[in-house]
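The lines below spell out each chain.
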Amino acid sequence: MSGRQTIGQMFPHRVGYVPPKQIPPKSGTPTSAPAFQDVLDGHIVKFSHHAEQRLTQRGIRLEPEQLHRLGGAIDKAASKGAKDSLVLFQDMAFIVNVKNRTVVTAMDGASMNDHVFTQIDSTILVK
């Protein structure tokens, strides 16, 4: 067997990522991948390894709309000069490094009970 890796080995499925619907695009229509301008503008939300583990452990699954709203919350935090923010979203909480647009950890409603959030400089409530 050769030492070659397949694409699946090099880029494993990421927890918290919901793949786009696999509908073949019609000619001349954009695909469901993120728009090029969105990538340039940094609207992509990343998850640290620790956050991915917490999402899996706590059974948290984010839909594309929720990821979009989380990205919007990060944009608001960045516009106010925030560095590390607590994003409260429905019955979930995320600690986000704003500069890197990276979710550092994630909690569900049960995990937030009696929890003290430290090392944050802002909080965003997402409705």
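Residues numbered from 1 in each chain as written. Predicted model: local features only at pLDDT ≥ 70, side-chain atom pairs only at ≥ 80, totals over all residues. Heavy atoms only, no water.

Draft legend 1. Fine view of helix α3 (residues 49–57). Along α3, the residues that are buried comprise Ala51, Glu52, Arg54 and Leu55. Looking straight down α3, one finds its buried side chains confined to an arc of 160°; they lie on one side. Facing away from the buried side of α3 by more than 90 degrees, the exposed set consists of His49, Thr56 and Gln57. The inward-facing, buried residues of α3 abut β1 (46–47), β3 (92–97) and β4 (102–108). Backbone geometry just after α3 places Gly59 at a positive phi near 65°. (Buried < 20%, exposed > 50% of the residue type's maximum accessible area, 1.4 Å probe, protein only. Helix = DSSP H or I, 4+ residues; strand = E, 2+ residues; numbered from the N terminus. Arc of directions from axis to C-beta. Contact = heavy atoms within 4.5 Å.)

Draft legend 2. Main features of the sheet that holds strand β2 (residues 84–89). Taken in spatial order, the five strands line up as β1-β4-β3-β2-β5 in an open sheet, and their pairing is mixed. Looking at strand neighbours, the two that pair on one side only are β1 and β5 (122–126), the edges of this open sheet. Note: β1 against β4, two bridges, orientation parallel. Each residue of the ladder has a partner; that of Lys46, found in β4, is Thr102. (Pairing = 2+ DSSP bridges.)

Draft legend 3. Region of the structure containing the pairing of β4. Burial runs high along β4: six of the seven residues are buried. Note: β3 against β4, six bridges, orientation antiparallel. Bridging across to β4, Val96 finds its partner in Val103.

Draft legend 4. How the structure looks around the side chain of Arg54. Relative to the helices and strands, Arg54 resides in helix α3. Within the buried set, Arg54 has no salt-bridge partner at all; the shortest N-O distance to an opposite charge, 9.7 Å, is to Asp108. Apart from residues lying up to four places away in sequence, Arg54 is in contact with Thr105 and Ala106. (Lys, Arg positive; Asp, Glu negative; His and termini not counted. Salt bridge = Lys/Arg side-chain N within 4 Å of Asp/Glu carboxyl O.)

Draft legend 5. Structural context of unusual backbone geometry. Even without glycine at this site, Gln90 takes up a positive phi of about 50°. For Gln90, a relative accessible area of 52% puts it in the exposed group.

Draft legend 6. Inspection of the confidence of the model for the protein at higher detail. In the predicted model, the protein carries a mean pLDDT of 79, and the fraction of residues at 70 or more is 66%. Here helix α1 (residues 7–10) stands out as the element of the protein with the lowest mean pLDDT, 46, in contrast to β3, whose mean of 96 is the highest. Overall, residues 6–15 carries pLDDT values under 50, and its contacts beyond four positions in sequence, including any with other chains, amount to eight contacts. Of the regions scoring below 50 in pLDDT, residues 17–23 engages in seven contacts with residues more than four places distant in sequence or in other chains. (pLDDT = per-residue confidence, 0-100.)

Draft legend 7. Representation of the pattern of salt bridges within the structure. This model, assessed by the stated rule, comprises one salt bridge. Note that Arg101 is salt-bridged to Asp75, the shortest N-O span being 2.8 Å. Of this pair, Arg101 sits in the loop between β3 and β4 while Asp75 sits in helix α4 (residues 64–79), and the two are 26 residues apart along the sequence. Accessibility expressed as a relative area gives 28% for Asp75, which makes it partly exposed.

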